[in-house]
Amino acid sequence: MSMAAVEPDHASARLDAIIVGAGIAGMYQLYRLRQLGLSVRVFETGTSVGGTWYWNRYPGARVDTETMFYSYQFSEALQQEWDWPERYPAQADLAAYARHVADRFELWPDIQFETRVDAARWDDAAGLWTVETDDGTQVTARFCIMATGCLSAVNYPEIDGLEDFAGETYHTAHWPADSVDFAGKRVAVIGTGSSGVQSIPVIAEAAAHVTVYQRTANYVMPAHNRPMAADEVAEIKVNYPALRAKAKQSFSGNYFPVAGPSALAVSEEERNREYEKRWAMGGLAIMATYADFQTSEAANETASDFIRNKIRTIVKDPDVAELLAPKQLFLCKRLCVGTNYYETYNRDNVTLVDISETGIDRITPEGVCVAGHTEPVDVLVLATGFDAVTGALKRIDIRGVDGLALREKWADGPRTYLGLGIAGFPNLFTITGPGSPSVLTNMIPSIEQHVEWIADCVRHMRDAGLDRIEAERDAETDWVTHVNDIGDETLRATCQSWYFGSNIPGKPRVILPYAGGFPAYTEKCDEVAAAGYRGFALR
Ligand code: NA7
């Protein structure tokens with residue numbers, strides 16, 4: 001293969017590697033492969049970098065992980081020079097960070113924007129991938145790396161009459177670049193996951209009225225967002241190496257303190273003191289309080305009840321409070337982090353409609369019809385989430401050996417080896433693919449771990465004179481079994497969530513991420529690499 005340093009040349013149709021997506025993953029993968037001297041081109045549908053933080057521009061959009069740790073760590077200079085304004089920066093700040101990274105590492109020339117990849121075909125005789133874009137261009141490369149994101153394939157709900165709505169319709173994950181004016185308008189929001197939770201309070205401050213359609217109530221922790229204090233930033237920056245190393249040893253790749261092995265091993269008083277502390281701290285840290293939240297229903301219920309009681313104290317109307325109190329176990333669905341979320345339901349201009357039993361009858365030109373009643377609205381906000389983890393990959397027509405379609409191979413659920421490789425699809429890598437910890441962890445450290453593993457693998461192949469790598473079927477089967485066994489053992493399996501594909505009609509119910517934790521996973525990846533990429537066939 002030609003891996004000598006190649007001048008980036010967008011006219012050339014033959015490359016060493018193609019990367020699909022210029023989000024946090026695609027940008028870093030480009031940087032690492034270019035360092036190896038590969039010729040690389042990135043295709044990106046949007047007009048700029050940032051992926052998730054490019055598309056999710058809805059009002060109130062923020063990261064729910066503390067940003068000092070939701071950031072790249074591969075460059076010490078980068079992490080020292082960048083200053084985050086707030087504890088949980090807003091989408092615009094995250095998008096600015098992505099652009100800064102693209103400037104700093106001169107990534108722009110190798111990224112082709114406003115180009116969607118529609119298909120990717122493997123030619124086994126030539127040992128090449130041919131990628132086809134929406135303008136009909138075909139580009140060929142030895143490696144194809146999918147940096148397509150876990151939460152990027154937008155879920156437009158199947159609700160009768162959606163197209164007939166006469167007012168404005170917006171999806172949170174495809175929000176227009178220009179801000180939407182809600183003043184004096186009646187707004188319907190469908191969906192109460194993280195995007196709904198973050199946007200509803202902000203929309204309610206601007207709109208005449210907001211009607212929220214809730215299918216499932218979620219647990220929402222207060223963010224307690226605030227500006228970062230200069231001394232706090234300085235202390236983290238000085239201690240970055242130790243803090244990052246410690247985070248990598250935690251289950252979720254986050255820096256969350258664990259209070260103890262079991263919620264049941266301490267008194268109710270002590271437990272509630274700990275939960276109060278974390279409520280006051282804000283954010284996701286409560287999920288790490290006790291190690292048995294995913295294994296003991298009784299332990300889990302102590303945290304579930306704590307948050308339900310908080311809702312009852314905040315929300316003045318007891319009937320509304322009961323509707324907002326989640327029925328499923330804590331952490332079964334993704335924990336949300338919000339600002340004034342429950343408080344918003346005390347406003348006169350906000351109405352909560354429970355659709356858990358009825359669903360939505362239909363959207364009419366005038367509004368939203370539930371149980372025979374149509375609420376007239378001017379704006380419809382769909383906060384209905386994503387076809388998570390597999391959606392972005394299945395929307396591309398990916399064909400492997402003998403024309404095997406990835407969509408067919410995954411008809412009963414995703415099959416990968418380590419969420420990195422797929423049997424039948426040589427030289428294709430997925431960054432934070434299904435079967436890797438991805439969405440159950442802090443995404444940026446997980447992305448960095450994958451990008452570095454892939455870059456090391458490509459370097460190993462180059463040094464050893466190898467040009468084809470493919471996950472072995474047995475290794476893949478063993479990994480899929482392991483991923484499913486662990487997923488089924490956790491209490492996450494007790495409700496309907498996008499972790500199991502349950503939010504998409506017809507999607508097989510299979511756990512998508514690996515639930516065995518970041519340390520166990522990275523150890524396995526390192527072992528595989530150290531053993532000459534055990535479970536992969538190289539030649
Ligand atoms: P989520 O978390 O998938 O939330 C989507 C919400 O939309 C959720 O409340 C769904 O109810 C609801 N939904 C989806 N389809 C429908 C239909 N057809 N009718 C009514 N309600 C519906 O997506 P988000 O964008 O909020 O967040 C995704 C992740 O991004 C988040 O977890 C963070 O990691 C960042 P359901 O719960 O399925 O009953």
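Note that the coordinates shown come from a computational prediction; the quantities given were computed from them, not determined experimentally. (Residues numbered from 1 in each chain as written. Predicted model: local features only at pLDDT ≥ 70, side-chain atom pairs only at ≥ 80, totals over all residues. Heavy atoms only, no water.)

As a further point, take empty space enclosed by the protein. Under the counting rule described, the total for this entry stands at six cavities of 30 Å³ or more. The computed volume of the largest cavity comes to approximately 70 Å³. Taken together, Pro414, Arg415, Thr416, Pro434, Gly435, Trp479, Val480, Val483, Asn484, Val510, Ile511 and Leu512 make up the full set of residues lining the largest cavity. In terms of residue class, the lining of the largest cavity is built from eight nonpolar, three polar and one charged. (1 Å grid on protein atoms, 1.4 Å probe; cavity = no way out; pocket = protein on both sides within 12 Å on 5 of 7 lines; lining within 4 Å. Points joined across faces, edges and corners; volume = space filled by probe spheres on them. Nonpolar A, V, L, I, M, F, W, Y, C, P; charged D, E, K, R; others polar.)

Now for the pairing of strand S16 (residues 379-382). What you see with S16 is no split at all: Val379 and Val381 on one side and Leu380 and Leu382 on the other are buried throughout. Bridge analysis of strand S7 (residues 168-171) against S16 gives four bridges, and the strand direction is parallel. By the bridge assignment, Tyr170 is partnered in S16 with Val381. Pairing of strand S8 (residues 186-190) with S16, which is carried by four bridges, proceeds in the parallel orientation. What sits directly across from Val187, in S16, is Val379. (Buried < 20%, exposed > 50% of the residue type's maximum accessible area, 1.4 Å probe, protein only. Helix = DSSP H or I, 4+ residues; strand = E, 2+ residues; numbered from the N terminus. Pairing = 2+ DSSP bridges.)

Glancing now at the side chain of Ser497. Within the secondary structure, Ser497 sits in the loop between helix H15 (473-489) and helix H16 (518-530). Discounting residues that sit within four places of it in the chain, Ser497 has contacts with Cys332, Lys333, Ser502 and Asn503. (Contact = heavy atoms within 4.5 Å.)

With that settled, consider H15. If you check H15, its first and last C-alpha atoms are 24 Å apart, about what 17 residues at 1.5 Å a residue would give, namely 24 Å. Tucked inside the fold, the buried residues of H15 contact helix H13 (406-409) and H16. (Expected span 1.5 Å × (residues − 1).)

Next up on the list: the layout of surface pockets. By volume, the second largest pocket amounts to about 390 Å³. Glu66, Phe69, Glu232, Ile236 and Tyr255 are the residues nearest the centre of the second largest pocket, which is lined by 23 residues in total.

The antiparallel open sheet is built from three strands, whose spatial order is S13-S14-S15. The open sheet is flanked by strand S13 (362-363) and strand S15 (373-376), the only strands paired with a single partner. Relative to strand S14 (residues 367-370), S13 is paired through two bridges, and the arrangement is antiparallel. In the sheet register, Arg362 faces S14, and the bridge partner there is Cys369.

Another aspect to go through is the site of the ligand. Within the structure, the ligand sits among 18 residues, and Thr192, Ser195, Arg215, Thr216 and Lys333 are positioned closest to it. Ser195 is positioned such that a nitrogen or oxygen atom in its side chain is 2.6 Å from an oxygen atom of the ligand. Within the side chain of Arg215, one N or O atom sits 2.9 Å away from an oxygen atom of the ligand. Protein burial of the ligand: of its 770 Å² of free accessible surface, 87% is covered by the chains. Its residues assigned to classes, the shell around the ligand shows seven nonpolar, eight polar and three charged. (Near = heavy atom within 4 Å. Polar contact = N/O pair within 3.5 Å; in protein donor to acceptor, adjacent residues only side chain to side chain. Areas by Shrake-Rupley, 256 points an atom, 1.4 Å probe, with all protein chains shown as cover.)

Considering all chains together, one arrives at one disulfide under this definition. Each disulfide pairs two cysteine sulfurs, and for Cys332 the partner residue is Cys495, the sulfurs being separated by 2.2 Å. Taking the torsion about the sulfur-sulfur bond, which here is approximately -115°, the covalent link between Cys332 and Cys495 counts as left-handed. Pair noted here: Cys332 is in the loop between helix H10 (318-324) and strand S11 (336-338) and Cys495 is in the loop between H15 and H16, with a separation of 163 residues, a long-range link. Overall, Cys495 belongs to the buried group, its relative accessible area being 8%. The cysteine Cys144 is free of any disulfide, with Cys457 supplying the nearest cysteine sulfur at 15 Å. The thiol sulfur of Cys525 is not disulfide-bonded, and the nearest other cysteine sulfur, from Cys457, lies at 11 Å. Residue classification places Cys525 among the buried positions, given a relative accessible area of 0%. (Disulfide = S-S within 2.5 Å.)

Of all hydrophobic cores here, the largest spans 79 residues; its most connected members are Leu33, Tyr72, Leu107, Leu418, Phe429, Trp453 and Phe536. Those residues in contact with Leu33 that lie beyond four places of it in its chain are Ala17, Ile19, Leu38, Val40, Ile145, Ala455 and Val458. Counting residues in hydrophobic clusters, the runner-up holds 53 residues, among them Tyr58, Val210, Trp279 and Leu324. (Core = buried A, V, L, I, M, F, W, Y, C linked by side-chain atoms within 4.5 Å.)

Let's shift gears to the pattern of salt bridges. Tallied over the full model, the rule gives 27 salt bridges. With its nearest N and O atoms 2.5 Å apart, the salt bridge here joins Lys507 to Asp387. Taken as a pair, Lys507 in the loop between H15 and H16 and Asp387 in the loop between S16 and helix H12 (391-394) lie far apart in primary sequence, 120 residues in all. As far as burial versus exposure is concerned, Lys507 and Asp387 are alike and both buried. A salt bridge links Arg534 to Glu527, with the shortest nitrogen-to-oxygen separation between them at 3.7 Å. Given a relative accessible area of 41%, Arg534 falls into the partly exposed group. For Glu527, a relative accessible area of 40% gives the class partly exposed. Taken together, the shared-partner salt bridges in this structure form one network comprising Asp124, Arg468 and Glu470. (Salt bridge = Lys/Arg side-chain N within 4 Å of Asp/Glu carboxyl O.)

The next thing to look at is the pairing of strand S9 (residues 209-214). The buried count for S9 comes to five of six residues, which makes it a mostly enclosed element. Between S8 and its parallel partner S9, the chain crosses via helix H5 (residues 194-206), and the hand of that crossover is right-handed. With five bridges connecting them, S9 and strand S12 (residues 350-354) associate as parallel partners. Across the sheet, Thr211 pairs through a bridge with Thr351, a residue of S12. (Right-handed = clockwise from strand over helix to strand, strands pointing away.)

Time to look at helix H14 (residues 443-464). End to end, H14 covers 31 Å across 22 residues, agreeing with the expected 32 Å (1.5 Å per residue, within 8%). Of the residues flanking the end of H14, it is Gly465, one or two places downstream, whose phi is positive at about 70°.

Scored by pLDDT, the protein has a mean of 96; 98% of the residues are at 70 or more. Taken together, the stretch residues 1-12 has pLDDT below 50 and engages in 27 contacts with residues farther than four places along the chain or on a different chain. (pLDDT = per-residue confidence, 0-100.)

As a further point, take the sheet that holds S12. In spatial order, the strands read S7-S16-S8-S9-S12; together these five strands make up an open sheet with parallel pairing. Looking along the sheet, the strands with just one partner apiece sit at the ends: S7 and S12. Looking at each pair of strands side by side, their axes are set apart by 20° on average, direction ignored. (Axes fitted to C-alpha atoms, helices over the stretch in contact; angles between N-to-C directions.)

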